[in-house]
Protein chains: 2
Amino acid sequence: MFVHPERRDAHVDKHRRRQCPRRAHCGHWYKTEAPVSRKALRETGGVALELDTNRLSDKYRKMQRTIRSPMMQPLVSAGMGMAPFFKVTVFEQEHFQGRCQEFTAECCNIQDCGFDNIRSVRVESGAWVGFEHHDFQGQQFVLERGEYPHWDAYSGNLSYHVERMMSFRPIYCASHQSSRMMIFEKENFLGRSVELCEDYPSLQAMGWCNNEVGSMHVQCGAFVCYQYPGYRGQQYIMECERHSGDYQHWRNWGSHCQTPQIQSIRRIQH
Amino acid sequence: MFVHPERRDAHVDKHRRRQCPRRAHCGHWYKTEAPVSRKALRETGGVALELDTNRLSDKYRKMQRTIRSPMMQPLVSAGMGMAPFFKVTVFEQEHFQGRCQEFTAECCNIQDCGFDNIRSVRVESGAWVGFEHHDFQGQQFVLERGEYPHWDAYSGNLSYHVERMMSFRPIYCASHQSSRMMIFEKENFLGRSVELCEDYPSLQAMGWCNNEVGSMHVQCGAFVCYQYPGYRGQQYIMECERHSGDYQHWRNWGSHCQTPQIQSIRRIQH
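Residues numbered from 1 in each chain as written. Chains lettered and ligands numbered in written order. Predicted model: local features only at pLDDT ≥ 70, side-chain atom pairs only at ≥ 80, totals over all residues. Heavy atoms only, no water.

(A) Main features of the overall build of chain A. A tally of regular secondary structure across chain A gives four helices and 17 strands. Every one of the 270 residues in chain A was classed for burial, and the buried ones make up 58%. A separation of at least 24 residues holds for 67% of the contacts in chain A among residues at least 6 apart in sequence. (Helix = DSSP H or I, 4+ residues; strand = E, 2+ residues; numbered from the N terminus. Buried < 20%, exposed > 50% of the residue type's maximum accessible area, 1.4 Å probe, protein only. Contact = heavy atoms within 4.5 Å.)

(B) Main features of the interface of chain A and chain B. Across the boundary between the two partners, chain A contributes 55 residues, which contact 55 residues of chain B. Across the interface of chain A and chain B, roughly 4700 Å² is buried in total on both sides, 55% from carbon and sulfur atoms. One can count zero salt bridges joining chain A with chain B. Where chain A meets chain B, there are 14 residue pairs in polar contact (both at pLDDT 80 or more). Of all elements in the fold, only strand S8 (137–143), strand S9 (146–148), helix H4 (151–155), strand S12 (190–196), strand S14 (222–228) and strand S15 (232–239) of chain A reach the threshold of two or more residues within the side of chain A that touches chain B. The dominant element in the side of chain A that touches chain B, judged by the number of residues it contributes, is H4(A), at five residues. (Buried area = accessible area lost by both parts, 1.4 Å probe. Salt bridge = Lys/Arg side-chain N within 4 Å of Asp/Glu carboxyl O. Polar contact = N/O pair within 3.5 Å; in protein donor to acceptor, adjacent residues only side chain to side chain.)

(C) Summary view of the pairing of strand S13 (residues 215–220) of chain B. Residues and elements named next belong to chain B. With five bridges connecting them, strand S11 (residues 180–186) and S13 associate as antiparallel partners. Counted as the bridge partner of Phe184 is Ser215 from S13. In terms of strand pairing, S13 meets strand S16 (residues 246–247) through two bridges, oriented antiparallel. Bridge pairing links His217 to Asp246 in S16. (Pairing = 2+ DSSP bridges.)

(D) Spatial organisation of the relation of the copies chain A and chain B. Superposing chain A onto chain B takes a rotation of 180° plus a shift of 0.0 Å along the axis, which leaves an RMSD of 0.0 Å. Between the two chains, the operation in question is that of a two-fold axis. The residues that chain A uses at the interface reappear at the interface of chain B in 100% of cases, marking a shared surface. (Least-squares fit on C-alpha atoms with pLDDT ≥ 70 in both.)

(E) Spotlight on the nonpolar core. Grouped together as the largest cluster of nonpolar side chains are 68 residues, with contacts concentrated most on A:Ile183, A:Met216, B:Ile183 and B:Met216. Contact partners of A:Met216, with chain neighbours within four places excluded, come to A:Met181, A:Met182, A:Ile183, A:Phe184, A:Phe189, A:Cys225, A:Met238, A:Gly245, A:Asp246, A:Tyr247, A:Trp253 and A:Ile262. (Core = buried A, V, L, I, M, F, W, Y, C linked by side-chain atoms within 4.5 Å.)

(F) Representation of the UniProt feature "domain: Beta/gamma crystallin 'Greek key'" (unreviewed entry) in chain A within the structure. Per the UniProt annotation, the sites labelled "domain: Beta/gamma crystallin 'Greek key'" (unreviewed entry) are residues 86–125, 126–172 and 179–220 of chain A. Secondary structure within residues 86–125 of chain A divides into 0% helix and 50% strand; the distance between the first and last C-alpha atoms comes to 5 Å. (UniProt positions renumbered as here; feature names shortened; annotations may be inferred.)

(G) Looking closely at the pairing of S8(A). Residue and element names in this part refer to chain A. Across the seven residues that make up S8, a large majority, six, are buried. Pairing of strand S7 (residues 128–133) with S8, which is carried by five bridges, proceeds in the antiparallel orientation. Paired with Trp128 across the strands is Leu143, a residue of S8. If you look at the hairpin formed by S7 and S8, you'll find three residues sitting between the two strands, and Asp135 has a positive phi there, around 60°.

(H) Inspection of the sheet that holds S15(A) at higher detail. Residues and elements named next belong to chain A. Spatial ordering of the open sheet is given by S15-S14-S17, a layout of three strands whose pairing is antiparallel. On the outer flanks of this sheet lie S15 and strand S17 (264–267), each paired with one strand and no other. Direction aside, neighbouring strands of the sheet carry axes that sit 25° apart on average. Looking at chain direction, S14 and S15 are connected through six bridges and run antiparallel. Following the sheet pairing, Ala222 is matched in S15 by Glu239. (Axes fitted to C-alpha atoms, helices over the stretch in contact; angles between N-to-C directions.)

(I) Quick look at the packing of aromatic side chains. All names here are of chain A. Under the counting rule described, the total for this entry stands at 27 aromatic pairs over all chains. Ring centres of Phe91 and Phe96 lie 5.5 Å apart, and the angle between their planes is 75°; this geometry places the pair in the edge-to-face category. Since its relative accessible area comes to 18%, Phe96 is described here as buried. Aromatic ring contacts, followed pair by pair, group Phe85, Phe86, Phe103, Trp128, Phe168 and Tyr172 into a single cluster. A cation over a ring is seen here: Arg99 above Phe115, with NZ or CZ 5.1 Å from the ring centre. (Phe/Tyr/Trp six-rings, centres within 6.5 Å; stacked < 30°, edge-to-face > 60°. Lys NZ or Arg CZ within 6 Å of the ring centre and 35° of its normal.)

(J) Structural context of the sheet that holds strand S17 (residues 264–267) of chain B. All names here are of chain B. Taking strand neighbours across the sheet as the criterion, the three strands line up as S15-S14-S17 in an open arrangement whose pairing is antiparallel. This sheet does not close on itself; its edge strands, each paired only once, are strand S15 (232–239) and S17. Neighbour to neighbour, the strand axes of the sheet diverge by 25° on average, direction disregarded. Two strands pair when backbone bridges link them, and strand S14 (residues 222–228) and S17 are joined in this way by four bridges, in the antiparallel orientation. Looking at S17, one finds that Tyr226 is bridged to Ser264.

(K) Structural detail: the pattern of salt bridges. Residue and element names in this part refer to chain A. All told, the structure shown has 20 salt bridges over all chains when counted by the stated rule. Here Asp116 and Arg119 are joined by a salt bridge, their closest N and O atoms 3.2 Å apart. With a shortest N-O distance of 2.8 Å, Arg267 and Asp199 are connected by a salt bridge. Highlighted residues: Arg267 in strand S17 and Asp199 in the loop between S12 and strand S13 (215–220), separated in sequence by 68 residues. The pair Arg267 / Asp199 is uniform in exposure class, with both members buried.

Quick look at the structure:
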């Protein structure tokens, strides 16, 4: 990994994260006393009551790791000289035009925020996954830091051409350096298997037996699997913290998945 | 890298290649005494007179490294128990249907082989680059081992939708483990710079200053640069053996390049 001089602060942040509890790596967390309405979250930009994880007991920290709810929001620390860990700006029109909104946590339906669709995205921090439908359903798109000026830029999949992204969420468990998963030839973790801990633009070039994967188990981190070699086609996001990392049949890979065909796999990085 | 038990022969081949001269890594090379007509190459599957590089003088080997012509063809060693190093099968129809032909070396115009277009591709060995137009012009597509059942599968780029692949060639200098390049903020190798020797799905996440690259120098191996994060959008193949590895302005990245925007870069592997 290289660290540009002007981004040294980000490198320090990463170093700091390694020393902190896993889910507390943005320094501070916010939590509400009661469930927050979508409208309230929209008005506050997804931020509510402050809660410093450094002061939390181990028991409470563990609970934080297992519960995912709109109540848990990383801090937008504009005035504190620290970049927020998860931050994305979505735009209603292409090329970063029209109505826009910043998010620092998941959004389960962009229409509840007054958008009819998302047509461009700027990811400022963290790795995210976008979904074709609301409530994290349908085609998946991994979104890493950078600019996506139109649907084509973040989809990368031409064979199923619906220009929609209606929900998105952070990939909390992405961990580029320590990602590890097993792939199996057959469903239910049967048949030949191999452990992966790098990026594989062609599974077959690296020795995998065919163009399909029967089942998978993600031990650490998060991966994105692709239908075709060279990171093309349908994407399936696989996380160690979803389904306990177990994906025992291709029907579990996503609500849009219609085939066990997987020809390239890579780690997701923040 | 993992090695599947059934693919151990391929691993042995790779090991053998490391001990051989760089361009002689498929064991044997074939060369004709005189330039070969396209028709003759088509009839022989791109193979002509035998020439064993192990018997070549150093001077001749050096010449082999610098000259690229249709005369130099890696061996299709069907009866020798060794996988050929570069092998691709192209099909006139989608899903590996219709007229097809195997190639073990470059093809500068698929229409000279009687095809009107390529609509599906099966890469069996090596890394290749496909081009939108004949004579290696226009949009570029990196092709690694695996199956590409339609244009969508090997393009990965929606914003410039022309379903054509009219020429292709092997990427001889691809070397996954020892690839190294420098990227520069401005053209002519000026401004801030960084050395890359891994895969970077988001240059900005790794510390690069913006969404553009001014110029590049490839020291070893070959890379593919992408317009958008996560290996999406326009592709530009950068090789240490083309232009001496120097790409001093975005106009040198390819005849289709219209912008210095690059947001992800990865090594090309065989």
